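Chain residues, written in single-letter form:
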There are 2 protein chains.
Amino acid sequence: MRRKIVVLIEGNTHPRSAKTAINMVRYCPDEVVALLDSSQAGKTAGELLGVGGNLKIVASLQDAPLADTLLIGISPPGGELPAAWRRLLLEAARRGMQIVSGLHAFISDDQEIAQAAAKSGARILDVRKNNEREVAWREGINQKCLRIHTVGNDCNVGKMVVSLELSRALVRAGHDSKFVATGQTGIMIEGDGCPIDAVVADFVNGSAERLVLKNQHHKFLLIEGQGTLVHPMYSSVTLGLLHGLAPQGLIFCYEPGHTKLRHLKNFPIPPLRDMLRLYETMANLMHPCKVIGLGINSRNATAQEAAYERARVQEELGLPACDVIRDGPEPLMDAVLRYQQELGL
Amino acid sequence: MRRKIVVLIEGNTHPRSAKTAINMVRYCPDEVVALLDSSQAGKTAGELLGVGGNLKIVASLQDAPLADTLLIGISPPGGELPAAWRRLLLEAARRGMQIVSGLHAFISDDQEIAQAAAKSGARILDVRKNNEREVAWREGINQKCLRIHTVGNDCNVGKMVVSLELSRALVRAGHDSKFVATGQTGIMIEGDGCPIDAVVADFVNGSAERLVLKNQHHKFLLIEGQGTLVHPMYSSVTLGLLHGLAPQGLIFCYEPGHTKLRHLKNFPIPPLRDMLRLYETMANLMHPCKVIGLGINSRNATAQEAAYERARVQEELGLPACDVIRDGPEPLMDAVLRYQQELGL
């Protein structure tokens, strides 16, 4: 049954902090009925976030009376629940609304909210809650399934969007492809996946491998990456995913002109060529693998700048490159199909 | 107060599966009063494990009436509790004995055992239980503290033992050094540390950094490594630790003649030189770092073979090398002291 979702953003309208909200609006347009931001009520999602057109911003749950689901639309570092939002979640639980959260702090662990939900019959869906307890055995892998993994040079450079757009493009073209979600937003959109960054460390590689084992009846898996190998905070998650998936191909995602890591002061990002070599080195420890294309995130560039960067990087690295939102996913889809032929799958 | 510990091994006498038991006997000889293995009762620890001399093997808890602590002496992949051992833990809980466990499956989550412990007043110490929730901020690091991290080419090659022996040797020589434990056995011996492989993935790098922040008032930190960067199961933990600690120096541990990874079928270990380059590449993403010595685990070699390997590898790689158990830790301690001088700390 289709949900009627209010996405809570409450003051977080920056493209990075509203990442979950933006992508819910973009990829589940039939389900999102409103955004909740008491400081921006009356505006439209198009005005505020650049997606969603006339979708309305409301000031309170009362202003979206038909909604049956409240979804938390931010993913802050650390994953904690902003204290001011508790009141809203409590209200939603009392109204019998389903609560969907991707935070590390589980909403279902909040006794008052959990009790209110139990009383009203509301469901609390903590997307990051998991009980992964398998290590990676490197057995039973279907080598006829092409595993394409998106990686990148920082958080929030478009790995999920590239995976999703590519998989949808493959399906539209008649291929048997699946987008494999590894983060809370992807899971909220796709309805399944593994919240890899919330798995107990010993089982990170194993839970990534399980994603492959569960989905390898498809011909193509487009598996979203997390973080980056060079991020002091999150490299552990990135490598566990890369090694557990043991992909045959990588698509490297980056944002031109973005030279320092997010979340940290003055932590420079290595040059593209070095990043590609690093990912290929680490991936090849598990399985023969190469970078087959580049996903450019040109959200902050003009059309002219984006076209220039695309030509420049294709020339410099000899790889197909495009912005899947601006240019469409076809150039990268063609790269995936060519690679499948090259491998004889 | 000194504990009186019975170490449960029950059929696990192989040096790898009895790793925790062997190292408890080796490093806490004043606290371990017996080993429990119903199939080997009457033998001595020296006969069974090669450490502990005349320490006795008992068949049941009744045979060690003065013991106040039951410690689980194995670390199986996956960390689950062998079903047959539950009965024993329940008996220990009923007798009011403290239970110490490093398994991923928490003993305190077993309702029957927990209730028995609550009734008798026994304490259950699940060493892997943690609530780490900090990411790595790369701030406040004391650059005058020398962080030496042991890494290796597989699990169970001696990373903990090298760290511990080196730190104890430094202290004996009058230096201010601390062994920093990152695994259950190390924590049981040292009394503090972080069970890094049991931390939620997003916080692995952060909890490693917190180990540094908490201990950097010492001049030397000898921090045990986990797994290896090339292990399909555990590479995520290894990298998170390496990046979170951001060490200035590494000691590379290996077992000569061991060419395939444990726990897996036919997974070859890359050559030493490649492994050293890999670790230096990954470590230098966070902080200038180099390998300053090699810890050889020659438990399966003759004295002659060990001496040959030591000479060979020192010649080939131009680094000091020794087996800290067979040769003593002094050659590696000297390497640490020289490196401290070289860095001007």
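Worth saying up front: this structure is predicted, and the values here are computed from it rather than measured.

On to the nonpolar core. Formed by 100 residues in total, the largest nonpolar core has its most connected members in Phe252(A), Leu294(A), Phe252(B) and Leu294(B). The contact partners of Leu294(A), leaving out residues within four places of it in the chain, are Ile251(A), Phe252(A), Tyr254(A), Leu276(A), Val313(A), Leu317(A), Leu319(A), Pro320(A), Ala321(A), Cys322(A) and Leu332(A).

Residue and element names in this part refer to chain A. With four of five residues buried, strand S2 (residues 32-36) is to be regarded as a mostly interior element. Summarising the sheet, strand S1 (residues 5-8) and S2 pair through four bridges and their orientation is parallel. By the bridge assignment for S2, isoleucine 5 is matched with valine 32. Handedness of the β-α-β unit built from S1, helix H1 (residues 19-27) and S2 comes out right-handed. Pairing analysis gives two bridges linking S2 to strand S3 (residues 57-58), with the strands arranged parallel. Paired with leucine 35 across the two strands is isoleucine 57, which belongs to S3.

Time to look at the sheet that holds S3(A). Residues and elements named next belong to chain A. The strand order across the open sheet built from six strands is S3-S2-S1-S4-S5-S6, with neighbouring strands paired in parallel fashion. Since the sheet does not close on itself, it has two edges, and those belong to S3 and strand S6 (124-126), each with one partner. Alignment of S1 against strand S4 (residues 69-72), held across four bridges, turns out to be parallel. Bridge pairing in S4 links valine 7 to leucine 71.

All names here are of chain B. At their nearest, the axes of helix H5 (residues 159-172) and helix H11 (residues 330-343) sit 9 Å apart, and the two run at 70 degrees to each other. Classified by the angle their axes make, H5 and H11 are roughly perpendicular. Contacts between H5 and H11 pair Val162, Leu166, Ala169, Leu170 and Arg172 from the former with Glu330, Leu332, Met333, Val336 and Leu337 from the latter. Of the residues in the contact of H5 with H11, the class split is eight nonpolar, no polar and two charged.

Looking now at the pattern of salt bridges. Taken as a whole and assessed by the stated rule, the structure comprises 44 salt bridges over all chains. For the salt bridge of Lys129(A) with Asp109(A), the shortest nitrogen-to-oxygen distance reads 3.7 Å. Pair noted here: Lys129(A) is in the loop between S6 and strand S7 (146-152) and Asp109(A) is in the loop between strand S5 (98-101) and helix H4 (111-120), with a separation of 20 residues, a long-range link. For Lys129(A), a relative accessible area of 44% corresponds to the partly exposed category. For Glu255(B), the salt bridge goes to Arg262(B), with nearest N and O atoms at 2.9 Å. Glu255(B) sits in the buried class, given a relative accessible area of 7%. A cluster of three or more residues bridged by salt bridges with shared partners is formed by Arg86(A), Arg94(A), Asp110(A) and Glu112(A).

Okay, the interface of chain B and chain A next. On the chain A side, the residues contacting the 41 residues of chain B number 41 residues. Of all residues in chain B, Asp202(B), Met233(B) and Ser236(B) give up the largest surface area on contact with chain A, accounting jointly for 16% of the area buried on that side. Connecting chain B to chain A are four salt bridges. Where Arg128(B) meets Asp202(A), a salt bridge forms, and the shortest distance between an N and an O atom there is 3.5 Å.

Positive phi outside glycine occurs at Arg138(A), with the angle close to 55 degrees. As for its position among the elements, Arg138(A) is in the loop between S6 and S7. Even without being glycine, His263(B) reaches a positive phi, approximately 75 degrees. By the element assignment, His263(B) lies in the loop between strand S10 (249-254) and helix H9 (272-284).

Turning our eyes to something else, we now look at the sheet that holds strand S9 (residues 220-223) of chain B. All names here are of chain B. Here six strands make up an open sheet; going across it, the order is S8-S9-S7-S10-S11-S12 and the pairing parallel. Looking at strand neighbours, the two that pair on one side only are strand S8 (177-180) and strand S12 (321-322), the edges of this open sheet. Where S10 meets strand S11 (residues 290-296), six bridges bridge the pair, whose relative direction is parallel. Each residue of the ladder has a partner; that of leucine 250, found in S11, is valine 291.

Calculation rules
- Residues numbered from 1 in each chain as written.
- Chains lettered and ligands numbered in written order.
- Predicted model: local features only at pLDDT ≥ 70, side-chain atom pairs only at ≥ 80, totals over all residues.
- Heavy atoms only, no water.
- Core = buried A, V, L, I, M, F, W, Y, C linked by side-chain atoms within 4.5 Å.
- Buried < 20%, exposed > 50% of the residue type's maximum accessible area, 1.4 Å probe, protein only.
- Contact = heavy atoms within 4.5 Å.
- Helix = DSSP H or I, 4+ residues; strand = E, 2+ residues; numbered from the N terminus.
- Pairing = 2+ DSSP bridges.
- Right-handed = clockwise from strand over helix to strand, strands pointing away.
- Axes fitted to C-alpha atoms, helices over the stretch in contact; angles between N-to-C directions.
- Parallel < 35°, antiparallel > 145°, perpendicular 65-115°, else oblique.
- Nonpolar A, V, L, I, M, F, W, Y, C, P; charged D, E, K, R; others polar.
- Salt bridge = Lys/Arg side-chain N within 4 Å of Asp/Glu carboxyl O.
- Buried area = accessible area lost by both parts, 1.4 Å probe.

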